[in-house]
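Close look at the chain arrangement
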Amino acid sequence: MYSYSLLEPGCFYLIQEKEDEPVMLIKITVETDQCLYITQYEDMPVMVWKKKNDPIFDILELLSDDKVKEWEAVYNDSQDAYYEEEDDE
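Parameters and conventions
Residues numbered from 1 in each chain as written. Predicted model: local features only at pLDDT ≥ 70, side-chain atom pairs only at ≥ 80, totals over all residues. Heavy atoms only, no water. Phe/Tyr/Trp six-rings, centres within 6.5 Å; stacked < 30°, edge-to-face > 60°. Helix = DSSP H or I, 4+ residues; strand = E, 2+ residues; numbered from the N terminus. Salt bridge = Lys/Arg side-chain N within 4 Å of Asp/Glu carboxyl O. Buried < 20%, exposed > 50% of the residue type's maximum accessible area, 1.4 Å probe, protein only.

Attention now moves to the packing of aromatic side chains. Considering all chains together, one arrives at six aromatic pairs under this definition. Seen from their ring centres, Tyr41 and Tyr75 are 5.8 Å apart, and the 85 degrees between their planes marks the pair as edge-to-face. Taken together, the residues Tyr41 in strand β4 (residues 35-41) and Tyr75 in helix α1 (residues 65-88) connect sequence positions 34 residues apart. Members of the aromatic cluster, joined through ring pairs, are Phe12, Tyr41, Trp71 and Tyr75.

Here it is in structure tokens:
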């Protein structure tokens, strides 16, 4: 079992908080003495505080800069498509 204390600010990670939950992409945005402010990328970004000692079932991967750029291109395209659909109504 891992914890958020292992994660570094400015980095993107693929994690599973619990064994039976889906994989999620997060970015560590701010670090304090006891907590981390993270962005969880879902349909829309969700920003939350996590205690450094909060458990993580698995840290699957630290994304490389190249993979982050690839993901951002796909994510931003899907966000644009989402907003275009709303504008058409």
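And the narrative resumes.
Now for the pattern of salt bridges. Counting across every chain of the model gives three salt bridges. Among the salt bridges present, the one from Lys50 reaches Glu17, with a minimum N-O distance of 2.9 Å. With Lys50 in strand β5 (residues 45-51) and Glu17 in the loop between β2 (12-16) and β3 (24-31), this pair connects stretches of sequence that are 33 residues apart. Of the two residues, Lys50 and Glu17, both sit in the buried class. Residues Glu70 and Lys67 are paired through a salt bridge, measuring 3.4 Å at the closest nitrogen-oxygen approach. With Glu70 and Lys67 both in helix α1, this residue pair falls three residues apart, about one helical turn. With relative accessibility at 42%, the residue Lys67 sits in the partly exposed group.

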